[in-house]
Amino acid sequence: MNRNKVPITGVQMDLVNSKHGSYVLIRSDSPMRTMNSSPWGGGFGMHAALMNRQVDKQYNEADPLREMYEFILREGLNPRGTAGMLTAALVKDVGYSTLTWTGNDATETGAHTLHVSTWVTVGLGNKARAGAELPAASLYPGTINTIIVIEGQLTDAAMVNAVITATEAKAAALQSLGIEVEGLPATGTTTDAVLIATTCRGHLYSYAGTATVLGNMIGRTVYEAIMASGQLYEKTPY
């Protein structure tokens, strides 16, 4: 699948390799409403650029926010208009999945077209299982970073619901890949992040659980993107 071809009008993805570093860059002609678990552009916001930046595993800046600010400026982007994530995974191995659906979701009102596009970078050097004891020595950058772009509008509750669905799909994909921690299925890594972005136009969604068309599409695209990136990681683990 062509990870640069995005069916969402006004949205494009580029894999950038500059003299300052490599990153996935998703840009929109107009600001998107975002919910980001990473510190740069964290929480709810409005951003026209979404960045997943590759850093060294030993990345340990004293002031990572200032360093990220300076990096974004050097790349010619607007720091205020950019939501950013950091990963030790290879961004060239980003997994991508996109789905389009047209119809009438029984949990929503009226017929409409829905596009969901997802990009995931997978690194499993610090795999973990939620709820299990974690040795302090394993707390280093690794990350499964997930970016989901939705053509539509989501309520705050639906944005949170989307994170839950994406996280469940991540755990399911890791189980399918056979990733384990001490003989039990891994649920992620110690430093995962997720970013949900909506175009703020079109249909309004109040739900994003797995029983809804939107939730189903989030789950499927996250699962497929992780499977694609995870299989590349298994060929050349780092």
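Criteria and thresholds
- Residues numbered from 1 in each chain as written.
- Predicted model: local features only at pLDDT ≥ 70, side-chain atom pairs only at ≥ 80, totals over all residues.
- Heavy atoms only, no water.
- 1 Å grid on protein atoms, 1.4 Å probe; cavity = no way out; pocket = protein on both sides within 12 Å on 5 of 7 lines; lining within 4 Å.
- Points joined across faces, edges and corners; volume = space filled by probe spheres on them.
- Helix = DSSP H or I, 4+ residues; strand = E, 2+ residues; numbered from the N terminus.
- Nonpolar A, V, L, I, M, F, W, Y, C, P; charged D, E, K, R; others polar.
- Phe/Tyr/Trp six-rings, centres within 6.5 Å; stacked < 30°, edge-to-face > 60°.
- Buried < 20%, exposed > 50% of the residue type's maximum accessible area, 1.4 Å probe, protein only.
- Lys NZ or Arg CZ within 6 Å of the ring centre and 35° of its normal.
- Core = buried A, V, L, I, M, F, W, Y, C linked by side-chain atoms within 4.5 Å.
- Contact = heavy atoms within 4.5 Å.
- Expected span 1.5 Å × (residues − 1).
- Pairing = 2+ DSSP bridges.

A.B. asks: Even after reading the chapter, I still don't get the layout of surface pockets, so can you show me in this structure?
C.D. replies: Vacant regions in the atomic arrangement are exposed by a probe of water-molecule size rolled over the atoms. By volume, the largest pocket is sized at about 380 Å³. Every element with two or more residues in the lining of the largest pocket is listed here: α1 (64-74) and β4 (82-87). Here the lining of the largest pocket takes four residues from β4, the largest share from any one element. Looking at the lining of the largest pocket, its residues break down into 13 nonpolar, seven polar and one charged.

A.B. asks: For this particular structure, what's the right way to read the packing of aromatic side chains?
C.D. replies: For the structure shown, the criterion picks out three aromatic pairs. Each ring, one from Trp40 and one from Tyr69, has its centre 6.2 Å from the other, and the planes form 55°; the classification is tilted. A residue pair is termed long-range when its members are at least 10 positions apart, and Trp40 in the loop between β2 (21-36) and β3 (43-54) and Tyr69 in helix α1 qualify at 29 residues. We classify Tyr69 as partly exposed; its relative accessible area is 37%. In this structure, Arg53 packs its charged tip against the face of Phe71, placed 3.9 Å from the ring centre.

A.B. asks: Looking at this structure, I do not really get the nonpolar core. What am I missing?
C.D. replies: Side chains that are nonpolar tend, in soluble globular proteins, to be buried together. Grouped together as the largest cluster of nonpolar side chains are 34 residues, with contacts concentrated most on Ile150, Leu214 and Ile218. For this core, the elements supplying multiple residues, two or more each, are β6 (112-122), β8 (144-150), α2 (156-177), β13 (193-198) and α3 (213-235). Tallying contributions element by element places α3 first for this core, with nine residues. Ignoring any residue separated from it by four or fewer positions in sequence, one finds Ile218 in contact with Val116, Ile148, Ile150, Ala162, Thr165, Ala166 and Ala208. Grouped together as the second largest cluster of nonpolar side chains are 19 residues, Ile26, Met32, Val149 and Ala197 included.

A.B. asks: What exactly am I supposed to notice about α2 here?
C.D. replies: In an α-helix, one turn spans 3.6 residues; hence positions three or four apart end up facing the same way. Here α2 spans 32 Å end to end across 22 residues, near enough to the 32 Å set by a 1.5 Å rise per residue. For α2, every residue scored as buried is listed here: Ala158, Met159, Ala162, Thr165, Ala166, Ala169, Lys170, Ala173, Leu174 and Leu177.

A.B. asks: I'm lost on the environment of Val24 in this one. Help?
C.D. replies: Tracing the backbone shows Val24 in strand β2. The spatial distance from the C-alpha of Val24 to the C-alpha of Ile147 is 10.0 Å, given a sequence separation of 123 residues. Those residues in contact with Val24 that lie beyond four places of it in its chain are Met13, Asp14, Leu15, Leu50, Met51, Asn52, Val91 and Val94.

A.B. asks: Could you clarify how one ought to interpret the pairing of β3 in this entry?
C.D. replies: Two faces belong to every sheet, and in a regular strand the side chains alternate between them. Bridge count between β2 and β3: ten bridges; the pairing is antiparallel. By the bridge assignment for β3, Met35 is matched with Phe44. In this structure, the hairpin formed by β2 and β3 is closed by a connection of six residues, where Gly41 is found at a positive phi of approximately 75°. One ladder, built from six bridges, connects β3 with β4; its direction is parallel. The partner of Arg53 across the bridge, within β4, is Leu86.

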